[in-house]
Every structure is written in structure tokens, then in C-alpha cells.
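# Architecture at a glance
Single-letter residue listing:
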Amino acid sequence: MPEREPIGVIGAGWVGLVTAACFAELGHDVHVRDIVQEKVESLARGEVPIYEPGLSDLILQNRERLHFTTDMGDVLQSAQLLFCCVDTPPLYSGDADLSRVERVVEELGDSREHAIVMKSTVPVGTGRSIRRRRDDLGYVSNPEFLKEGTAVEDFMHPDRVVVGAGPESQDFGDRVAALYEPLGGPIVRTDVESAEMIKLASNAFLATKISFINEIANVSEELGADVNEVARGMGLDNRIGPQFLRAGIGYGGSCFPKDVSALKQLAGNTGYHFQLLTAVIEVNELQKRRTIQKLQKHLGSLVGKDIALLGISFKPQTDDIREATSLVLSARLQSEGAHVRAFDPVAGARAADLLGGADIKDSALDALDGAHGAVLVTEWPEFRELDWGEVKDRMAQPLIVDGRNFLDSELLERQGFTYEGVGRAHAPALGAPTPVR
Ligand code: UGA
């Protein structure tokens with residue numbers, strides 16, 4: 001075997017491209033297969049179809065080691081470890097749609113030399129079910145823990161790498177683990193089912209943390225506490241930690257909503273009612289809708305009002321709008337009779353169809369011009385840098401609902417804005433208990 005093992009990557013989506021580019025950066029020849037001819041051609045020209053900081057540069061720098069093809073035969077001939085990176089979107093039932101994964105498995109042919117390395121997020125039990133049908137194939141579960149916007153960084157500096165393999169696939173497990181050794185993070189060797197569960201449980205736990213702090217935020221609003229201060233005080237406890245305690249208008253994206261539902265569903269399929277996750281999901285849905293009430297509190301009826309959405313993507317540094325809160329807000333505002341205008345530094349073009357009748361603007365100022373209220377949906381740094389004096393002059397009514405507690409509330413209030421954050425009541429509500437000293 002050559003010193004740096006060649007690898008195959010199946011599916012040139014976000015996970016596949018980050019995986020391919022990072023392994024190429026580590027010196028591996030990487031053979032990437034996707035079924036979409038135009039995508040393969042544009043990648044071969046060095047054009048990257050998604051926005052992920054650092055990814056284009058990495059692909060360009062490692063062009064010689066990256067090979068893009070539509071032909072599975074090319075990949076099978078060149079590599080034995082085949083990273084499956086196809087997507088597993090949710091079905092109407094809440095279960096994950098595994099049809100793309102199944103197609104990959106079918107295409108692999110008979111071979112004891114190849115192993116499928118599962119990076120796609122799959123239900124617990126998927127590996128066992130594939131092995132039952134294809135005991136000729138090696139099988140390794142190697143879930144990804146990449147965050148959109150910092151995926152390259154996360155890959156190169158992992159908190160941990162999880163490698164799950166059954167007794168028959170330990171050699172393949174060793175080879176997969178060896179690929180990550182240069183990165184220096186802890187490598188968790190375990191069985192396939194536990195590896196699959198680590199992925200789902202990690203996302204479910206992080207989503208739980210967010211829904212928890214959002215509920216604390218809502219209660220803080222009633223009782224006069226500031227959730228930012230509460231999170232700061234809680235997060236310094238090592239057992240709690242400061243991460244994922246940012247209150248806001250709910251989590252979105254392609255992972256948390258899907259994976260939390262999938263785990264709930266998976267438990268349900270076994271007859272177990274996962275009550276905690278049911279609450280986590282419900283809190284998240286209600287959190288998005290509370291924004292409408294905050295606008296109504298100041299504007300009364302929203303019929304005929306112009307409302308600006310600052311940010312469309314589900315978080316900054318990505319153009320991904322899957323399960324983005326902006327989509328729910330846009331629909332809800334329009335059904336309340338408001339006219340919605342929205343701006344996002346990168347996601348505007350993608351969003352046009354999904355935002356219904358919303359008007360996509362070319363700049364934040366265009367979106368804010370004449371608006372009766374604005375909602376900060378995504379914490380893009382450039383929104384903090386806006387000339388808020390000019391914004392105030394341009395808006396029909398200077399009302400800002402800061403869905404991410406991101407803007408400088410004192411500055412805005414000094415300039416005459418009405419500012420509403422999340423979980424940050426300014427004065428104790430009537431009837432709030434006297435603080436205990
Ligand atoms: C998430 C996980 O963080 C990754 O570890 C995982 O690999 C990935 O899903 C996946 O399964 O592929 P990602 O969806 O890119 O990554 O985004 P996050 O940064 O985790 O944010 C998710 C959502 O939670 C965003 O809408 C964000 O605004 C929200 N969030 C995050 C909060 O509302 N509060 C926080 O404190 C943190």
C-alpha cells in the first residue's frame with residue numbers, strides 16, 4: 001500500500017467536498033464521484049458550487065490530487081476506502097430517506113477489498129442492515145461533526161473522530177483511523193451502532209441546549225433577567241460549558257431539525273416515546289413565531305406593514321437556507337398581511353423561490369428603506385457595521401427585533417430605535433419577585 005492511501009468519496013455535496021479537499025490537503029489522492037455530470041465538470045474546472053469559507057482555495061491548491069468523475073468504476077479501481085457522503089433528507093414520516101445510500105451500496109459490486117465508510121448521517125441500525133445484505137463489503141461508520149461555515153477548520157482540528165467497525169471490519173477501521181492520525185484529535189474506536197448513535201445524540205444534545213436556553217430567555221423576558229448574562233454565568237461551569245447557549249429565534253439548517261426528528265422517530269419505531277426531544281422540537285417551532293408577537297407588540301396589526309428581514313441563511317458564513325428561520329418568518333409575516341423584504345449577503349439568489357412573495361433586495365439599506373420594522377435573522381457581521389444613524393432616517397418606524405442578540409442594543413436605543421432582543425427585558429416586569437440578596 002502506498003504511504004498515503006488513496007481514497008474514494010461518493011457524493012460531491014457539502015460533506016463530500018469538504019472531506020475530499022481536506023484529505024487531499026493531507027496528501028491523499030482523492031477520487032470523487034458524483035452522478036451530476038455538470039457538477040463534476042465544473043469541479044474539474046475548479047469551480048465550487050457551494051459557499052464554504054476556505055473550501056475553494058483548498059480545492060484549487062490540491063487540484064493535482066483531486067479527481068472528479070461520474071463513473072463509479074474509476075473510483076473502485078483507484079481506491080478501497082469509499083467514503084459515502086450522499087444526503088439523507090427527511091421523509092414525510094420523519095424517518096431519513098436512505099434511497100441514495102442504498103443506491104451507492106448497490107453500485108459497489110462484489111468486492112472483499114473495498115469498504116464503505118459511512119459519513120452520511122444515517123439511522124442507528126443502518127450499518128447492520130447493509131452488512132446483513134452485503135457481508136462481502138467492509139463497513140465502517142465515520143460520522144461527521146462539521147459545522148457549516150467552519151467545516152474545513154473543524155475537519156482539520158477535530159474535537160474527536162469516531163470510527164465504528166464490527167469485528168469483521170477491524171482492519172478497515174484501522175485504516176480509516178490512520179487517515180485521521182495526522183490531525184491529532186482523539187479517535188474513538190467503537191462498534192457501528194454506537195458510532196451511529198454518537199452522531200445523532202450529539203446533534204440532539206446540542207439542539208436541546210439551544211431549546212433550553214431559549215426557554216430560559218423567554219422566562220427571563222418575563223422576570224427581568226438578561227439571558228446573555230445568565231448564559232455567561234452558567235457557561236463558566238465546566239460541567240455546562242459556554243457553547244450553544246446563545247438564545248435566539250431557534251435553530252435551523254440541514255442537520256439539527258432533521259436529526260432531532262430522526263432520533264425521535266427512531267425511538268418511536270421501537271415503541272419508545274422520546275418526550276424530551278418532542279419538547280425540544282416544539283420549543284424551537286414556537287421560538288420562531290414569538291418574533292411575530294414582538295413586532296405586533298409595537299406595530300399592532302401587521303396588515304400592510306413593510307417588514308425587513310436581515311439575513312436569510314440559517315446561520316452566517318453559509319448560503320444554506322434549509323430549515324432557515326427566515327422561511328417561517330417570511331411565510332408567517334405574509335399571512336399576517338405584511339409585505340416582506342429580505343437581504344442576505346450570499347443566500348439571496350437561492351432564497352427567491354422559497355421566501356414566497358418576499359422582495360429580495362440587493363443591500364441591507366434597500367431592505368430597511370421605508371420599513372416599519374426589521375428583524376435581524378442571521379448574525380452576519382456586516383449588519384453590525386451598518387450606519388444605523390442613516391438606517392433610522394430611512395426607516396418608516398425605527399423598530400428592530402434582534403433575533404440573535406447580535407446588535408449593540410445601547411447604541412441603537414441611544415439613536416432612538418425601539419430595540420427588542422431575545423430574553424433581555426430592560427426593566428423587571430410588573431409583579432416580578434424581589435431579588436434575594
Ligand atoms: C451542526 C452541528 O453543530 C455539527 O457538529 C454537525 O456535524 C452538523 O450539524 C451536521 O450534522 O452535519 P450546523 O448545522 O452547520 O452544524 O450548524 P450549527 O453551528 O450547529 O448551528 C445550527 C443552528 O443552531 C443554527 O441555526 C444556529 O443559529 C443555531 N444556534 C447555534 C443557536 O441558535 N444557538 C447557539 O448557541 C448555537
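Preceding this section is the structure that the text describes.
Description of the structure in this document. Keep in mind that this is a model prediction, so the values were computed, not measured.

### Digging into the sheet that holds strand 1 (residues 7-10)
Strands pair in a sheet through their backbones, by hydrogen bonds, and they do so in one of two ways: parallel or antiparallel. Spatially, the 8 strands line up as an open sheet ordered 3-2-1-4-5-6-7-8, and their pairing is mixed. Of all the strands in the sheet, just strand 3 (66-69) and strand 8 (187-190) have a single pairing partner and so form its edges. Shown here is a sheet whose adjacent strand axes are inclined to one another by a mean of 25°, direction ignored. Of the strand pairs in this sheet, strand 6 (residues 138-141) and strand 7 (residues 161-165) are connected by 2 bridges, and their pairing is antiparallel. What sits directly across from Ser-141, in strand 7, is Gly-164. Of the strands in this sheet, strand 1, strand 2 (30-33), strand 4 (81-84) and strand 5 (115-118) touch helix 5 (residues 99-107), which is tilted by about 165° from strand 5.

### A closer look at the nonpolar core
If you look at soluble globular proteins, the nonpolar side chains tend to sit buried side by side. The biggest cluster of nonpolar side chains holds 43 residues, and the ones touching the most others in it are Phe-23, Val-30, Phe-83, Phe-155 and Tyr-180. Here the element with the most residues in this core is helix 1 (residues 14-25); it accounts for 9 residues. Setting aside chain neighbours within four positions, we find Phe-83 in contact with Ile-7, Gly-8, Val-9, Ile-10, Thr-19, Phe-23, Val-117, Lys-119, Asn-142, Leu-179 and Tyr-180. Ranked by size, the runner-up nonpolar core spans 25 residues in total, among them Ile-312, Ala-324, Val-340 and Leu-355.

### Some thoughts on the side chain of His-28
The residue His-28 is located in the loop between helix 1 and strand 2 in this model. Engagement of the side chain of His-28 in a polar contact is seen with the backbone oxygen of Glu-5, the distance being 2.6 Å. If sequence neighbours within four positions are ignored, His-28 has contacts with Arg-4, Glu-5, Phe-23, Arg-65 and Leu-179.

### Let's talk about the pattern of salt bridges
Oppositely charged side chains can pair when the atoms bearing their charge come close. As enumerated under the stated definition, the model contains 32 salt bridges in all. Among the ionic pairs, Arg-232 bridges to Glu-229, the shortest N-O distance being 2.8 Å. With Arg-232 and Glu-229 both in helix 10 (residues 227-235) and 3 residues apart, the pair spans about one turn of that helix. Ionic pairing is found between Arg-246 and Glu-379, a salt bridge with its closest N-O pair at 3.2 Å. Of this pair, Arg-246 sits in the loop between helix 10 and helix 11 (256-269) while Glu-379 sits in the loop between strand 12 (373-376) and helix 16 (381-384), and the two are 133 residues apart along the sequence. Note on Glu-379: relative accessible area 15%, which makes it buried. Here the salt bridges do not stand alone but share partners, grouping Asp-87, Asp-97 and Arg-100 into one network.

### Topic: the site of the ligand
Near the ligand lie 19 residues; those nearest to it are Glu-144, Glu-148, Lys-199, Asn-203 and Lys-315. Phe-145 is positioned such that a nitrogen or oxygen atom in its backbone is 3.4 Å from an oxygen atom of the ligand. Within the backbone of Leu-146, an N or O atom sits 2.9 Å from an oxygen atom of the ligand. Its free accessible area being 710 Å², the ligand has 96% of it covered by the protein chains. Looking at the shell around the ligand, the elements that each hand over two or more residues are helix 9 (192-223) and helix 11. Per-element accounting of the shell around the ligand gives the leading share, 3 residues, to helix 9.

### Some words on the packing of aromatic side chains
Across all of its chains, the model carries 9 aromatic pairs by this definition. Centroid distance Phe-23 to Phe-83: 5.3 Å. Interplanar angle 50°. Geometry classified as tilted. Taken together, the positions of Phe-23 in helix 1 and Phe-83 in strand 4 put the pair 60 residues apart, joining distant regions of the chain. Judged by its relative accessible area of 0%, Phe-83 falls in the buried class. Members of the aromatic cluster, connected to one another through ring pairs, are Phe-23, Phe-83, Phe-155 and Tyr-180. Geometry around Phe-145 places Arg-160 over its ring, the cationic atom sitting 3.6 Å from the centre. The positively charged end of Arg-384 is found above the aromatic ring belonging to Phe-406, 4.1 Å away from the centroid.

### Notes on the pairing of strand 8
Pairing of strand 7 with strand 8 involves 4 bridges; the strand directions are parallel. Bridging from a neighbouring strand, Val-163 pairs with Arg-189 of strand 8. Handedness of the β-α-β unit built from strand 7, helix 8 (residues 170-180) and strand 8 comes out right-handed.

### Side note on the side chain of Ser-211
Within the secondary structure, Ser-211 sits in helix 9. Residue Ser-211 is classed as buried on the basis of its relative accessible area, which comes to 3%. A polar side-chain atom of Ser-211 sits 2.9 Å from the main-chain carbonyl oxygen of Val-280. Those residues in contact with Ser-211, other than ones at most four positions away along the chain, are Tyr-251, Val-280, Val-283 and Asn-284.

### Brief notes about the environment of Gly-241
Along the chain, the position of Gly-241 falls in the loop between helix 10 and helix 11. Gly-241 sits in the buried class, given a relative accessible area of 13%. Spatially, the C-alpha atom of Gly-241 lies 9.4 Å from that of Ala-231, the residues being 10 residues apart in sequence. Every residue in contact with Gly-241, bar those within four places of it in the chain, is listed here: Lys-209 and Gly-235.

### Regarding helix 6 (residues 126-133)
Along helix 6, the residues that are buried comprise Thr-126, Gly-127, Ile-130 and Arg-131. On an axial view of helix 6, the arc spanned by its buried residues comes to 130°, and they lie on one face. Residues of helix 6 that are buried make contact with helix 5, strand 5, strand 6 and helix 9.

### Structural notes on the sheet that holds strand 14 (residues 418-420)
On the basis of which strands lie adjacent, the open sheet formed by 6 strands has the order 11-10-9-12-13-14 and parallel pairing. The open sheet has two edge strands with one neighbour each: strand 11 (359-360) and strand 14. Pairing between strand 9 (residues 306-310) and strand 10 (residues 339-343): 5 bridges, direction parallel. The partner of Ala-308 across the bridge, within strand 10, is Arg-341. Together, strand 9, strand 12, strand 13 (399-402) and strand 14 form the strand contacts of helix 12 (residues 275-299), whose direction differs from that of strand 13 by roughly 160°. Relative to the sheet, helix 13 (residues 325-335) contacts strand 9, strand 10 and strand 12, its axis offset from that of strand 9 by approximately 180°.

Cut-offs applied
- Residues numbered from 1 in each chain as written.
- Predicted model: local features only at pLDDT ≥ 70, side-chain atom pairs only at ≥ 80, totals over all residues.
- Heavy atoms only, no water.
- Pairing = 2+ DSSP bridges.
- Helix = DSSP H or I, 4+ residues; strand = E, 2+ residues; numbered from the N terminus.
- Axes fitted to C-alpha atoms, helices over the stretch in contact; angles between N-to-C directions.
- Contact = heavy atoms within 4.5 Å.
- Core = buried A, V, L, I, M, F, W, Y, C linked by side-chain atoms within 4.5 Å.
- Buried < 20%, exposed > 50% of the residue type's maximum accessible area, 1.4 Å probe, protein only.
- Polar contact = N/O pair within 3.5 Å; in protein donor to acceptor, adjacent residues only side chain to side chain.
- Salt bridge = Lys/Arg side-chain N within 4 Å of Asp/Glu carboxyl O.
- Near = heavy atom within 4 Å.
- Areas by Shrake-Rupley, 256 points an atom, 1.4 Å probe, with all protein chains shown as cover.
- Phe/Tyr/Trp six-rings, centres within 6.5 Å; stacked < 30°, edge-to-face > 60°.
- Lys NZ or Arg CZ within 6 Å of the ring centre and 35° of its normal.
- Right-handed = clockwise from strand over helix to strand, strands pointing away.
- Arc of directions from axis to C-beta.

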